[in-house]
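Tertiary structure, described
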Amino acid sequence: MQKHPGIAIAIIGAGPGGLTLARILHLAGIPATVFEREEHPLVRPQGGTLDLHEGSGLLAVQRAGLADAFQRIARYDDQGSRLLDMHGRVLFEQADASAGNRPEVDRTALRDMLLDALPAECVQWGCALRELKRRDDGGWHLAFDKGEAGPFDLVVGADGAWSNVRPLLSPYKPQYSGLTFIEFGIDDVDARHPALSRLVGRGKMDVQGDGKQVIAQRNGNAHIRGYAIFRVPADWAAGRFDFASPASVRSALLSEFAGYGDAITDLFRASNDPFVARPIYALPVGHCWTHRRGLTLLGDAAHLMSPFGGEGVNAAMRDAVELAALLVEERDWVSAVATYETQMFERVVDAAQGSAEAAAVQMSHIGEALSLAHLREHSAGGVSA
Ligand SMILES: Cc1cc2nc3c(=O)[nH]c(=O)nc-3n(C[C@H](O)[C@H](O)[C@H](O)COP(=O)(O)OP(=O)(O)OC[C@H]3O[C@@H](n4cnc5c(N)ncnc54)[C@H](O)[C@@H]3O)c2cc1C
């Protein structure tokens, strides 16, 4: 029988999944060390806004003992949805953007909340995992770009889409979904661009047509983050856009979206963040592996999905809840990890399938109609034009 007290746990990656696991274990008195490749917490903004769901992201916040702290960063008022046509005509608008229980939160605020709830020494920054070496005693030794650590009994790969832990468990690599996002961002939108502020509204705005799509979302601090979306080969954006020159990317986007009204394309004109290409990858639906002692995965490392289901961060945080609970409750930590894996493979299938199906129909000839039907069914108090 392998008892968990005393086992040395390494978590690779200080994303929402890894930090949630570390925090819940910490509350239970089980120490873990998080190794993160970024040099320090402020090295880059963590990205856009996320909505946390009951039964997963919000459940994790509760299990982490952070319900009050979360209320200070949650944006319940920004849950709105708008669907527009290419000329800016409103096809659907949610009547009350604060109705519903999927509060938005900025990624950086979520990460700060989790970091503040951990002892400072718990997260080791500037530790990019390069290699895991098996020791004769069954433990794992970690080799980073700079330095080494170990031995650890259990290594949890929470290191995202391009996990360096995953190849020890599974031969699968993420596959390109066919979709490439060009990210843009607008600061201080309410004061500087009131028309765009109204266009996006209190939540998310979606337009598709001409085989392309624009999604823009309100973040905290009057920031808009958006994506121009194309169904193209994986290397298309690198050949089409010169990302060293924001002016040339802007002009190329305006030409790609020439059939769209100015009300929409003004988003590109106003963008002041760097344009960034984000080709979207996913692991196969049903991705799983044979249990291997002392190693496991959670979050994107285990089940990378397209972002269309809005489930990725929620699934990662739910994984953390379940793995932590099993490690705390079960006397045998090896079987706790095996049970976590069996349950997780089953639990994420529907979300992964839904995300894959949603990605497949975006920008198709029925994409707009399907989005409209989805909003009518799922948005609180929607009003259609
Ligand atoms: C454009 C876009 C929009 C999205 N929008 C949404 C959304 O609206 N809602 C939603 O739920 N999800 C969304 N997602 C998905 C969401 O971002 C992920 O599902 C979520 O971040 C997964 O969390 P994670 O902790 O598993 O991994 P990550 O957030 O990827 O964190 C992994 C961490 O590991 C670190 N790391 C990586 N490699 C190493 C290494 N070798 N050594 C050490 N550290 C390492 C990284 O620096 C990072 O800090 C979106 C994704 C994209 C690309």
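Quick caveat: nothing in here was measured; it's all calculated off a predicted structure. Position labels on residues start from 1 in each chain and follow its written sequence. Reporting in this predicted model follows two pLDDT cut-offs: at least 70 for local features of residues, and 80 or more for side-chain atom pairs to be given and counted; totals over whole chains, interfaces and linings ignore these cut-offs and use all residues. By convention in this description, side-chain values take in all heavy atoms of the structure and omit both hydrogens and water.

**Quick look at the packing of helix H1 (residues 16–27) against helix H11 (residues 312–329)**
So the rule is basically this: Axes, fitted as lines to C-alpha atoms, cover a helix only where it is in contact. Angles between the N-to-C directions of the axes lie from 0 to 180 degrees. Secondary structure elements follow DSSP: runs of H or I no shorter than four residues count as helices, runs of E no shorter than two count as strands, and numbering proceeds from the N terminus. These descriptions rest on fixed angle ranges, namely under 35 degrees for roughly parallel, over 145 for roughly antiparallel, 65 to 115 for roughly perpendicular, and the rest for oblique. Handedness of a crossing follows from how the near helix is turned relative to the far one, being left-handed for an anticlockwise turn of less than a right angle and right-handed for a clockwise one. Throughout, a residue-residue contact means that at least one pair of heavy atoms, one from each residue, lies within 4.5 Å. Residue classes follow a fixed rule: Ala, Val, Leu, Ile, Met, Phe, Trp, Tyr, Cys and Pro count as nonpolar, while Asp, Glu, Lys and Arg count as charged, and any other residue, Gly among them, counts as polar.
Where H1 contacts H11, the two axes come as close as 8 Å, and the packing angle between them is 30°. Taken together, the axes of H1 and H11 are roughly parallel relative to one another. In the crossing of H1 with H11, the sense of the turn from one axis to the other is right-handed. Between H1 and H11, the contacting residues are Pro16, Gly17, Thr20, Leu21, Ile24 and Leu25 on the first element and Val313, Ala316, Met317, Ala320, Val321, Leu323, Ala324, Leu327 and Val328 on the second. Grouping the constituent residues of the contact of H1 with H11 by class yields 13 nonpolar, two polar and no charged.

**Considering the nonpolar core**
Here is the rule: Think of a nonpolar core as a cluster: buried Ala, Val, Leu, Ile, Met, Phe, Trp, Tyr and Cys residues, connected wherever their side-chain atoms sit within 4.5 Å. The buried label goes to any residue with under 20% of its type's maximum accessible area, the exposed label to any with over 50%, and the partly exposed label to all in between, with areas taken from a 1.4 Å probe on protein chains only.
The biggest cluster of nonpolar side chains holds 75 residues, and the ones touching the most others in it are Ile9 and Leu142. Per element, the largest residue contribution to this core is 10 residues, and it comes from helix H12 (residues 333–361). In this structure, Ile9 is in contact with Leu25, Ile30, Pro31, Ala32, Thr33, Phe152, Leu154, Val156 and Leu327, ignoring residues within four places of it in sequence. Membership of the second largest hydrophobic core comes to 29 residues, among which are Phe184, Leu253, Phe257 and Ala270.

**Things to note about unusual backbone geometry**
Excluding glycine, residues mostly carry a negative phi; peptide bonds, for their part, are mostly trans. Omega for the bond connecting Gly150 with Pro151 falls within 30 degrees of zero, at 5°, which places this linkage in the cis form. Tracing the chain through its elements places Pro151 in strand E10 (residues 148–152). The phi torsion at Asp188 lies on the positive side, around 50°, for a residue other than glycine. If you trace the backbone, Asp188 turns up in the loop between strand E12 (175–186) and helix H5 (189–192).

These results come straight from atomic positions and should not be treated as a statement about function.
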